[in-house]
Amino acid sequence: MDTIVPSYLEEYLRSLLPQRDELLASLEKEAADTNTYAPIIEPEVAQLLRTLVMLKKPKRILELGTSIGYSAIVMAQYMDEDGELITVERYSNAASRAGENIKKAHLENIIKVVEEEAVTALSWLDGCFDMIFLDAAKGQYSEFLPYCLKLLKPGGIIVSDDVLYKGEVTDAIDTEKRKVTIVKRMNEYLKLISGLDGLTTSVLPIGNGVAISVKE
Ligand SMILES: C[S@@+](CC[C@H](N)C(=O)[O-])C[C@H]1O[C@@H](n2cnc3c(N)ncnc32)[C@H](O)[C@@H]1O
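This text gives an overview of the structure that appears in the document. (Residues numbered from 1 in each chain as written. Predicted model: local features only at pLDDT ≥ 70, side-chain atom pairs only at ≥ 80, totals over all residues. Heavy atoms only, no water.)

Description of a nonpolar patch on the surface
- The grouping of Y8, L9, Y12 and L16 at the surface amounts to a nonpolar patch, some 470 Å² of accessible area in total.
- A relative accessible area of 55% means that L16 is categorised as exposed. (Patch = residues over 30% accessible without salt bridge, like charges linked within 9 Å, V, L, I, M, F, W, Y side chains within 5 Å. Areas by Shrake-Rupley, 256 points an atom, 1.4 Å probe, with all protein chains shown as cover. Salt bridge = Lys/Arg side-chain N within 4 Å of Asp/Glu carboxyl O. Buried < 20%, exposed > 50% of the residue type's maximum accessible area, 1.4 Å probe, protein only.)

Structure (structure tokens):
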């Protein structure tokens, strides 16, 4: 997905990022290759996740939307060895590619890939999570939210990716007809998390927009 940040600024922000290890660099290359379907977060969003994991020191993380495992690996690399990261992916091809990459990263003790529809997994997952990363089914974030709030510890954070949807959540950018519903739902989600009692949200215009919501 193109980002909302002007390319000169995006290039500059990326020039400030630390060098990625060989595996992450190869996954970024794979994602950039238009012949392979491997959508992943932008490197500057990955750096935000690292920063949040360092700040929060989560014992348990839930991720919706695994793809090839890039963001799960990014977060797990900064977790303690006894931490747990559960990541949910509905496509078996992506789930198994993620499994291979997680093994290459030697993080299979921390990361568990659940191959399932996000809402199905949310209905049976239990226990408490310190951090939840929403990066699947962009039109369903509002549907995921009640489950996430139940699973999230007080003080826990929900990080929602792609919330500005190339700027299309504003009136300034036209939306393709086939994306009108998804953009409308994202708009509703942003209003929901921005106004909900017990949740404090900040929306950052990096990547395609990232919302960080803290449960009181
Ligand atoms: C943007 S990608 C995730 C990228 C990943 N977080 C990363 O940065 O490495 C979204 C993923 O969510 C999966 N997905 C979409 N809708 C889903 C749903 N309803 N339940 C589970 N997974 C879903 C897609 O198959 C895709 O692999």
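Description of the pairing of strand 5 (residues 152-161)
- Of all ten residues that make up strand 5, seven are buried, and the element is covered over most of its length.
- Direction of pairing for strand 4 (residues 129-134) relative to strand 5: parallel, over a ladder of five bridges. By the bridge assignment, F129 is partnered in strand 5 with L152.
- Bridge analysis of strand 5 against strand 7 (residues 210-215) gives five bridges, and the strand direction is antiparallel. (Helix = DSSP H or I, 4+ residues; strand = E, 2+ residues; numbered from the N terminus. Pairing = 2+ DSSP bridges.)

With respect to the nonpolar core
- Grouped together as the largest cluster of nonpolar side chains are 33 residues, with contacts concentrated most on I73, M75, L85, L107, I111, M131 and V159.
- Of all the elements in the fold, those that place two or more residues in this core are helix 2 (22-32), helix 3 (43-56), helix 4 (70-76), helix 5 (92-104), strand 4, strand 5 and strand 7.
- Excluding its chain neighbours within four sequence positions, the residues that come into contact with I111 are A72, I73, A76, L85, T87 and I102.
- In terms of nonpolar packing, the next biggest core, distinct from the first, is built from 31 residues, A121, L122, L151 and L164 among them. (Core = buried A, V, L, I, M, F, W, Y, C linked by side-chain atoms within 4.5 Å. Contact = heavy atoms within 4.5 Å.)

Considering the site of the ligand
- Taken together, 19 residues sit near the ligand, with I41, G65, S71, E89 and D135 positioned nearest.
- Here an oxygen atom of the ligand and a backbone polar atom of Y70 are 3.3 Å apart.
- A distance of 2.8 Å separates a nitrogen atom of the ligand from a polar atom in the side chain of S71.
- Its residues placed into classes, the shell around the ligand shows eight nonpolar, five polar and six charged. (Near = heavy atom within 4 Å. Polar contact = N/O pair within 3.5 Å; in protein donor to acceptor, adjacent residues only side chain to side chain. Nonpolar A, V, L, I, M, F, W, Y, C, P; charged D, E, K, R; others polar.)

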